[in-house]
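This is what each chain is made of:
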Amino acid sequence: MPPTSTRQRRQEFPEPSSIVAFPWLGGATLLPPLTGQPSCLILPPGHSAMRSFTKAQRQAIERDLRRLVEGEVLFDEISRVLYASSACIYEIPPLGVVLPRHAKDVVAVMRYAHERDIPVIPRGAASGVAGQAIGWGLVLDFTKHMNRLLKVHPRENFVQVQPGLVLERLNEALRPYGKFFPPDPSSGRFCTLGGMIATNAAGIHSLKYGTTKDYVLGLDVVLANGERVWLADEGDPLFQRLTGTHPQVASLVEGLRHL
Ligand SMILES: Cc1cc2nc3c(=O)[nH]c(=O)nc-3n(C[C@H](O)[C@H](O)[C@H](O)COP(=O)(O)OP(=O)(O)OC[C@H]3O[C@@H](n4cnc5c(N)ncnc54)[C@H](O)[C@@H]3O)c2cc1C
C-alpha cells in the first residue's frame, strides 16, 4: 500500500502532525539520555512510519482482523479517538484497536501486521508519560481480556500473570499469603504488569527492592513476526534455584518453553 499524500492524510486524521516524537525515556527516569543521542525522532511527511490508509484499505484490514481473531476489533471513529491519547501530551489516532482474548490472537495480529509492515502498539493502562502506548498502527489493548492472575505459587514465591493484570489487583491477591510484588510505581493502582515490564517500572522503594526487571522470571513473548518464544535468563540464580529445587516449577517452565 503506497503512502498517501500529506493532504489526504490531513483529511483522514483530525489531528494530523508531520512531527511524531518518540522520546524513549525508559523506566522511571525522566532525565534526558546521557549518551548525547536525540531523545526524539522527527519524521518527514510521507515517511513509512507515518503511513495512512484509505477508507477502503481500513475496512479491508478490519474485515481481515475480525476473521483472524476471537477478541474484539474496534475500527470505529469513537474508539480511534479514545485510543489516540494516553498520559502524555501527544495525540495520534490509531488505524484500529484489537482487544486480544488470548495469546493466539496476539500471534495472529503480529503476523498479519508484520506481513503488511503495519506497526503494532501494545497497550496496558496507557499511563506511560512518554507516549509509548499510542501510535498510528494497530493498538493491542491487553486490559480487557488478558488481565488475569493465572496462578499463585506461594511456596515457590512466584506468580503467573497475564500482561493486562493491574499491579494493585496482584497485590490484593497476594495479601492473604503475606506477600507483595515489590516494585511500586506510584501508578500502581492502575498500571499493568505488561507495561511495567516493558518500561522496567520502578518506585520509591526500588533502592531497597530493585525494579521490575529484577522480578521477571520468564516471559511468553510474541515477536514482531508473530513467532512465539519463551524467554528466561536461565543463568539467573533465582531461576536456577526455583527450577532446581522445585520439580513442578521445572516442568512448568518446560511446558511454557514448548507452548
Ligand atoms: C500518575 C503517574 C505516576 C507514575 N509513576 C511512575 C513511577 O513511580 N515509576 C515508574 O516507573 N513509572 C511511573 N509512571 C509511568 C507508568 O505508569 C509506568 O511506566 C507503567 O509501568 C506503565 O504501565 P501501563 O500499563 O500504563 O503501560 P502503558 O503506558 O500502556 O505502556 C507502556 C509501554 O509498555 C508497552 N506495553 C504495555 N503492555 C505491553 C505488553 N503486554 N507487551 C509488550 N509491551 C507492552 C507499551 O507499548 C508501551 O511502550 C507513572 C505514570 C503516571 C501517569
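Description of the structure in this document. What you are looking at is a predicted structure, and each value in this text was computed from that prediction instead of being measured. (Residues numbered from 1 in each chain as written. Predicted model: local features only at pLDDT ≥ 70, side-chain atom pairs only at ≥ 80, totals over all residues. Heavy atoms only, no water.)

**Here we look at the site of the ligand**
Neighbouring the ligand are 26 residues, the closest being Pro122, Ser127, Ser187, Thr192 and Ala202. With respect to the ligand, the backbone of Gly124 contributes an N or O atom lying 2.7 Å from an oxygen atom. Between the ligand and the protein, one listed contact pairs an oxygen atom with a backbone N or O atom of Gly128 at 2.7 Å. Mapped onto the shell around the ligand, the elements with two or more residues apiece are β3 (120-123) and α6 (193-199). Residue-level mapping places the shell around the ligand at the junction of two domains, with at least three residues from each of domain 1 (20-141) and domain 2 (149-258). (Near = heavy atom within 4 Å. Polar contact = N/O pair within 3.5 Å; in protein donor to acceptor, adjacent residues only side chain to side chain. Helix = DSSP H or I, 4+ residues; strand = E, 2+ residues; numbered from the N terminus. Domains from an automatic or database assignment.)

**So, helix α4 (residues 103-116)**
End to end, α4 covers 20 Å across 14 residues, agreeing with the expected 20 Å (1.5 Å per residue, within 8%). When α4 is considered as a whole, its buried residues turn out to be Ala103, Asp105, Val106, Val107, Ala108, Val109, Met110, Tyr112 and Ala113. Contacts from the buried residues of α4 go to α2 (55-68), β2 (96-99), β3, β4 (138-141), β7 (218-222) and β8 (228-232). Directly beyond the C-terminal end of α4, a positive phi value near 60° is found at Asp117. (Expected span 1.5 Å × (residues − 1). Buried < 20%, exposed > 50% of the residue type's maximum accessible area, 1.4 Å probe, protein only. Contact = heavy atoms within 4.5 Å.)

**Things to note about the nonpolar core**
Of all hydrophobic cores here, the largest spans 23 residues; its most connected members are Ile61, Leu65 and Leu138. Only α2, α4 and β4 provide two or more residues apiece to this core. Element by element, the count of residues in this core is highest for α4, at six residues. Once residues within four sequence positions are removed from consideration, Leu138 is found in contact with Leu65, Phe75, Leu95, Gly96, Val109, Ala113, Ile118, Pro119, Val120 and Ile121. Ranked by size, the runner-up nonpolar core spans 10 residues in total, among them Val152, Leu167, Cys191 and Met196. (Core = buried A, V, L, I, M, F, W, Y, C linked by side-chain atoms within 4.5 Å.)

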